[in-house]
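What follows is the residue order along each chain.
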Amino acid sequence: MPVNTQLHSVDGTIRDFATTAEVVAVPVQAGPEIDPAYADELTGLFALGAADLLAHEEAKGGPGEIVAAPLRLGDGITDLLLYGVGDGSPAALRRAGAAVARRGRGCAHVAAAVPSGAGEEGLAAFAEGLLLASYDFRVGGSPKKPAAEKITLLTDAGAAVERGATVAGAVAIARDLANTPSREKTPQWLAEQAERLAAESGLTVRIRDERELRSGGFGGIVAVGAGSARPPRLIELTYEPDTPDASARHVVLVGKGITFDSGGLSLKPNESMKAMKTDMAGGAAVIAAMTALRALRVPVRVTGLVAAAENLPSGSAMRPSDVIRHYGGTTSEVLNTDAEGRLVLADALAYADAELDPDALVDIATLTGAAKIALGTRQGALYATEDSLAAELLGAGAESGEPLWRMPLTDEYREAIDSDVADVANVGRGGFRAGSIVAALFLREFTGQRAWAHLDVAGPARAGSDDAEITRGATGYGVRLLLRWLRPDAA
C-alpha cells in the first residue's frame, strides 16, 4: 500500500523528540497564539521567540498555515514547524495534518504535538490528514520527495489515532485500485483484489464470472463487457458484525466498476479517455469501505456489490439501438454505449432489491459529466428517495470532509427516458438536458420501493493536483463518507 508512513502515538514532550526528529511540529491557534499546552516548552528553544516569529511572518493560525524555523539542538539542526489549526474543528485539523505531512516529505522522522482539547474526533481527523497527504502512487521510479518514513504524535489518545489510521488506510486502498493502469486492471484482476482484501478483513466473497452472469440474467453487465476480450465480473462482499443481531439494519452498497471506459462504439475523444482507468472509483470506494468495517466495529450488516466490466469497441460490442434485458426482466434501449455505467448498476440494484432485502440501498459511481459541471470537483451529487436517508448521508459527508449536495429527482423529467421499444432508454431525449438527474431517474427504475440513494461522484473522485489531504489522480472519495454514515459514533 503506497501509504508507507509509520504513524505512532506516544505520551511525551517536544524536547523528548527535538533531537531525534528532523521536523518537530507544534500547533498554533487562530489569532495567532501558540497552543498553551506547549508555550512553556518552546521558551528558550530559539532566540527570536515563537510569538515574535509568528508576528514577523504575519501568521494568522489558519488551518494548513505553516511557519518554519531551524533550531540547533546539540550537534544537530531540527526544523520547527508552527502549524495553524484554525478553529480546531475536525475539518481544520484534517487540513493541518495534511500540511504537516507535506512539509515533512523527504524526512525520516517527523514528530508532531497534537492540539490540546482536540478531542477524539479531532485527533482522528488529524491522523487522517497526516496519512492521506503521505500517499504516493507510482508504477515505476520513486517520488522526488517521498513521504516521511515515520510520524510520531505526542498524545496518549492512541485509540483515536488508530481510528484515523484505519479510515486513511481504507482510502489508500481505494486510491490504489483506481490508480492502477487498466492494462493490468481487468475485471478479473479487480475480483482477485476483492478476494484478497476480503480474506484480510474478515469478509465473505462471491464472484460471478461471465457464464454465471449470462445464465443468471445480468444482461446489463454482460452487454457492457461484450466488446472486451476480458470478460465482466460481479463482486459480492458480505460483512456480518462480530455480535450478530437479527434486528440489525442491512445496508447494500453498490459500486460502478468499469475498469476502463473507451465509450464503446460511441467512442470518447482521446483526451476524455485519459482518466478512464478511474471509472471504477465508485466500485473501489465500496471495496475499500468494506475492508474497514470490522476494525471500526460497524454494528449493521453490509453487503457490497461491484459490477465490473471493460467498455471497449469491437465486433462483439453492444450497439446503439440494442435492447438489454436486465436482472429481473426490465428492458433498456441503448441509445449511447458511453452511458454504460448505469447499465451495469441497473443489474446490481435490481439484484439487491430482489434477493438481498436491504433496509437501505446506496450506489456510488462516476456516472455523469453533468454532475461535475453542476457541482465541480469537491462535492458529490446526492439523489435520494427518502429525506431521512438523504439527511444521514449529507451529515456524514459534512463530518467526514467529503461533502454532498442534494439534487432533485424531478418526476417531470421521467419521460426523457421513455423508449419506443423497451421499458426505458439509457440516455435522455426530448430536450430536458438534465444529464445527472436523468441518469438518476434511470437507476431509480431498478430499486423497487427501497430507501435508495445515488451518489454521482464524477467530479470529486479524481483530482488534477494535490491539495491538503487530496492527492492527484484518484482521491478515494466516498470511503470516508460511507464509513462515517455506517458508524456515526466511530469518531
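Before any of the text, the structure's been laid out above.
Per chain, the residues get numbers from 1 upward, laid out in the order the sequence is written. In view of the model being predicted, local features appear only for residues whose pLDDT reaches at least 70, and side-chain atom pairs are presented and counted only at 80 or more, with totals across whole chains, interfaces and linings using the full set of residues. Working from all heavy atoms in the structure, the side-chain values ignore hydrogens and water.

A. Expanded view of the overall build of the protein chain. Each helix and strand in the protein chain was counted, giving 16 helices and 20 strands. Taken against the 2.2 N^0.38 rule, which gives 23 Å for 491 residues, the C-alpha radius of gyration of the protein chain at 24 Å falls within 12% of a compact globule. Along the three orthogonal principal directions, the C-alpha set of the protein chain runs to about 80 × 50 × 40 Å. The 491 residues of the protein chain split such that 59% are buried. A fraction of 77% describes how many contacts in the protein chain between residues 6 or more apart in sequence connect residues 24 or more apart. In this charge count, Lys and Arg are treated as positive and Asp and Glu as negative; neither His nor the chain ends contribute. For charged residues, the charge sits on one atom: NZ in Lys, CZ in Arg, CG in Asp, CD in Glu. Between the mean site of the 47 positive side-chain charges and the mean site of the 64 negative ones, the protein chain shows a separation of 6 Å. Counting from the N terminus, the helices are DSSP H or I runs at least four residues long and the strands are E runs at least two residues long. Here the globule rule reads 2.2 Å times residues to the power 0.38, and the radius of gyration is calculated from C-alpha atoms. Exposed residues in this analysis have more than 50% of their type's maximum accessible area, buried residues have under 20%, and partly exposed residues fall in between, with area computed by a 1.4 Å probe over protein chains only. Between two residues, a contact is recorded if the distance between any of their heavy atoms is within 4.5 Å.

B. Structural view of the packing of helix α12 (residues 341-356) against helix α15 (residues 435-444). Here an axis means a line fitted to C-alpha atoms, over the contact stretch when the element is a helix, while the angle between two N-to-C directions is reported on a 0 to 180 degree scale. Interhelical geometry of α12 versus α15 gives an angle of 30° and a closest axis separation of 9 Å. In terms of orientation, α12 lies roughly parallel with respect to α15. Note that α12 runs across α15; the crossing there is right-handed. Of α15, the residues touching α12 (which contributes Arg342, Leu343, Leu345, Ala346 and Leu349) are Ala439, Phe442 and Leu443. Three classes are used, and their members are as follows: Ala, Val, Leu, Ile, Met, Phe, Trp, Tyr, Cys and Pro are nonpolar, Asp, Glu, Lys and Arg are charged, and the others, Gly among them, are polar. When the residues that make up the contact of α12 with α15 are grouped by side-chain class, the tally is seven nonpolar, no polar and one charged. Roughly parallel means an angle under 35 degrees; roughly antiparallel, over 145; roughly perpendicular, 65 to 115; everything else is oblique. Should the near helix be turned anticlockwise from the far one by less than a right angle, the crossing is termed left-handed; should it be turned clockwise, right-handed.

C. Here's a closer look at empty space enclosed by the protein. Any residue with an atom within 4 Å of a point lines the site, the site being either a cavity, points on a 1 Å grid over the protein atoms alone where a 1.4 Å probe fits but cannot get out, or a pocket, an open set with protein on both sides within 12 Å along at least 5 of 7 lines. Grid points are joined across faces, edges and corners, and a volume is the space filled by probe spheres set on the points. One pass over the structure, following the stated rule, counts two cavities of 30 Å³ or more. In this structure, the second largest cavity is lined by Ala174, Ala178, Ala281, Ala284, Ala285, Ala461, Ala474, Thr475, Gly476 and Tyr477. Put simply, the parts of the chain that give the lining of the second largest cavity at least two residues each are α6 (158-179) and α11 (281-291). The greatest single-element share of the lining of the second largest cavity, amounting to three residues, is contributed by α11. Here the residues of the lining of the second largest cavity are counted per class, giving eight nonpolar, two polar and no charged.

D. The packing of aromatic side chains, seen in detail. The rule is short: rings of Phe, Tyr and Trp, with Trp giving its six-membered ring, pair when the centres are within 6.5 Å, and they are stacked under 30 degrees, edge-to-face over 60, tilted in between. What the rule picks out here adds up to six aromatic pairs. Ring geometry for Tyr327 versus Tyr351: centroids 5.6 Å apart, planes at 90°, classification edge-to-face. Of this pair, Tyr327 sits in the loop between β12 (323-325) and β13 (331-333) while Tyr351 sits in helix α12, and the two are 24 residues apart along the sequence. The class of Tyr351 is buried, set by a relative accessible area of 7%. A ring pair is formed by Phe442 and Phe446, whose centres lie 5.3 Å apart and whose planes are at 45°; its orientation type is tilted. Joined through ring pairs, the aromatic side chains of Phe218, Tyr327 and Tyr351 make up one cluster. A cation over a ring is seen here: Arg175 above Tyr135, with NZ or CZ 5.2 Å from the ring centre. Here, a charge over a ring is recorded when the distance from Lys NZ or Arg CZ to the ring centre is within 6 Å and its angle to the ring normal is within 35 degrees.

E. Broad picture of unusual backbone geometry. Of note, the amide linkage connecting Gly31 to Pro32 takes the cis form, showing an omega dihedral of 5°. Within the secondary structure, Pro32 is located in the loop between β2 (23-29) and β3 (33-34). Here Arg433, not a glycine, exhibits a phi torsion of approximately 65°, which is positive. Tracing the chain through its elements places Arg433 in the loop between β17 (424-425) and α15.

F. Looking closely at the sheet that holds β17. Spatially, the three strands line up as an open sheet ordered β12-β13-β17, and their pairing is mixed. Each edge of the sheet is formed by a strand with only one pairing partner; in this case those strands are β12 and β17. At least two DSSP bridges between two strands are needed for those strands to be called paired. Relative to β13, β12 is paired through three bridges, and the arrangement is antiparallel. The residue bridging Val323 from the neighbouring strand is Glu333, located in β13.

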